[in-house]
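# Examining the three-dimensional arrangement
These are the residues of each chain, in order.
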Amino acid sequence: MNAPASILDAIPRRLHLQPDHPLLITRKLIESRFPGYKTHNNLFPIVSTAQNFDALGFPADHVGRNRTDTYYINKETVLRTHTSAHQADTFRANESEGYLIAADVYRRDAVDRSHYPVFHQMEGARTWDRAQAAKEGKSLADIIWADVEKIPKHDVVVEDPNPTIHPERNPLQATHSADEVEAIAAHLKRSLEDMVITIFNAAKSATDAQNTSAEPLKIRWVEAYFPFTSPSWELEVWWQGEWLEVLGSGIVSQPILNNASVPDRVGWAFGLGLERIAMLLYSIPDIRLFWSKDSRFLSQFSEQGPIKTFVPFSKFPACFKDVSFWLQARKSPAGGAGATAAPAPSNQPPAPTSTSPGSASSAIVPPAAPAPAVPTFHENDVMEIAREVGGDLIEDVRLVDEFEHPKTGRKSLCYRINYRSLERTLTNEETNELHEKLRAVLVERLGVELR
Ligand code: FA5
Ligand code: MG
């Protein structure tokens, strides 16, 4: 069990079900663009590793399974890391051609304005029945193209430079035809573009109403990889000067459908970050705000009436503090006479980051055969300790310096912690106290040596 109290406390919050909460309003707005899709908003957050990983084809050594990335309740039970944990069961129930699942998900991850260890995803999927098409004497691709025509058209220019199928980067599955996949991909992309454009237009009318200038919408599709879809894509939106990833998607791996006893069905699935979409919709600048119980936040949102841009109640000052430490192994319990720890591994490439779910942060991985006494350092541990100690008073945690001692080979890291409350000005004593505590917990848990 590696879930701290701060995470367990979030489980009953269920923000996507709270009346007038921006995540509920965002969820409903998205649902309205998928008429006829069956919605599930009450699925229990604790799932088996079989549901979260195995059923989706995650290899046994996938980084997403690590305790550095995932909260375990016990060896075979986790807090779901994504709504895809419910794909197999929902396909098996086979209640509808399309479904949407909104739920809270949990990940050890980076700490910044767009990442939070508890967030909300919406999963969507749409499948078609090949056997039914054959019975009707129609081509499945033609049936799907006819459905594509039913999705509202738009005139936004979307960057989508890559071919739908790429033999190495984004391959066709063995049992699929290129014609079918082109049609399914068009249905997927048009559906999700319609959703994002709807959100953007609602946001734009909100800002226009307040007479501020809004930037034109810029969106793009990029190739992606997931163990449970192929080909796969991510959709990104230009937001406050950066590309913000809002969702992952792709053609559902056929073994998932086969194992769910619906081998005749083929289709697409996506998973989006509800907070990311709500941030676009309301111009909410920081993901921590969704957890606020402050009425100055909550009173700004209503299910009735038009969307109104969020007005930050005030910008309170930030306070940056750095912490530098040597990576160092814990002394062995046997206590080998003050045994100085072996140097942390160096010159290792960062762990792969495009793997999903999670892992936006880099890991400093041990050599192929790690010396057993050296605990692996993972940046997510720093992130979590920061959240635990500072809670929502920490806005951002960033690695600002890395240094390797030329003689000893020991490695030193420096993290910059940005303390800022969303609700008030922090006092110096308060931030100093938090920072001292943070330093102590880093030593205690990670066995690092402060510089
Ligand atoms: C997934 O979780 C896949 N299950 C999505 C998927 C579903 C792909 C079905 C294919 C088919 P990913 O890890 O990229 O993918 O997360 C999906 C979205 O969740 C991201 O695009 C982002 O919008 C949001 N997200 C991810 N991590 C965080 C975080 N720490 N805080 C807030 N939002 C996040
Ligand atoms: Mg992703």
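Here's what I pulled together on the structure shown here. (Residues numbered from 1 in each chain as written. Chains lettered and ligands numbered in written order. Predicted model: local features only at pLDDT ≥ 70, side-chain atom pairs only at ≥ 80, totals over all residues. Heavy atoms only, no water.)

Now for the overall build of the chain. Along the backbone of the chain there are twelve helices and 15 strands. Sorting the 451 residues of the chain into buried and exposed places 53% on the buried side. Taking contacts inside the chain between residues at least 6 apart in sequence as the whole, the part at least 24 apart equals 69%. (Helix = DSSP H or I, 4+ residues; strand = E, 2+ residues; numbered from the N terminus. Buried < 20%, exposed > 50% of the residue type's maximum accessible area, 1.4 Å probe, protein only. Contact = heavy atoms within 4.5 Å.)

What follows concerns the sheet that holds strand 14 (residues 411–419). Read across the sheet, four strands follow the order 13-14-12-15 without closing on themselves; strand pairing throughout is antiparallel. At either margin of the open sheet sits one strand with a lone partner, and together these are strand 13 (394–404) and strand 15 (449–450). In this sheet, strand 14 lies alongside strand 13 in antiparallel orientation, the contact comprising nine bridges. Looking at the pairing, Glu404 lines up with Lys411 of strand 14. Packing of helix 11 (residues 379–390) onto the sheet brings it into contact with strand 12 (319–326), strand 13 and strand 14, and relative to strand 13 it is tilted by some 140 degrees. (Pairing = 2+ DSSP bridges. Axes fitted to C-alpha atoms, helices over the stretch in contact; angles between N-to-C directions.)

Tallied over the full model, the rule gives 18 aromatic pairs. Ring centres of Trp238 and Trp243 lie 5.3 Å apart, and the angle between their planes is 75 degrees; this geometry places the pair in the edge-to-face category. A residue is classified by how much of its surface remains accessible, and Trp238, at 28% relative accessible area, is partly exposed. Taken together, the ring pairs in this structure connect Tyr282, Phe297, Phe301, Phe310 and Phe313 into an aromatic cluster. (Phe/Tyr/Trp six-rings, centres within 6.5 Å; stacked < 30°, edge-to-face > 60°.)

Our next topic: the packing of helix 11 against helix 12 (residues 428–446). At their nearest, the axes of helix 11 and helix 12 sit 10 Å apart, and the two run at 135 degrees to each other. Put simply, helix 11 runs oblique to helix 12. By crossing handedness, the relation of helix 11 to helix 12 is classed as right-handed. Residues Asp381, Val382, Ile385, Ala386, Glu388, Val389 and Gly390 of helix 11 touch helix 12, and the partners they reach there are Leu434, Lys437, Leu438, Val441, Leu442, Arg445 and Leu446. (Parallel < 35°, antiparallel > 145°, perpendicular 65-115°, else oblique. Left-handed = near helix turned anticlockwise from the far one by under 90°.)

Further remarks concern the side chain of Thr83. Within the secondary structure layout, Thr83 lies in the loop between strand 4 (77–79) and helix 4 (87–93). Setting aside anything within four residues of it in sequence, one finds Thr83 in contact with Ile101, Ala103, Val105, Gln121, Met122 and Glu123.

One pass over the structure, following the stated rule, counts 29 salt bridges. Between Lys138 and Glu136 there is a salt bridge; the shortest N-O distance is 3.4 Å. Judged by its relative accessible area of 48%, Lys138 falls in the partly exposed class. A salt bridge links Arg169 to Glu223, with the shortest nitrogen-to-oxygen separation between them at 2.5 Å. (Salt bridge = Lys/Arg side-chain N within 4 Å of Asp/Glu carboxyl O.)

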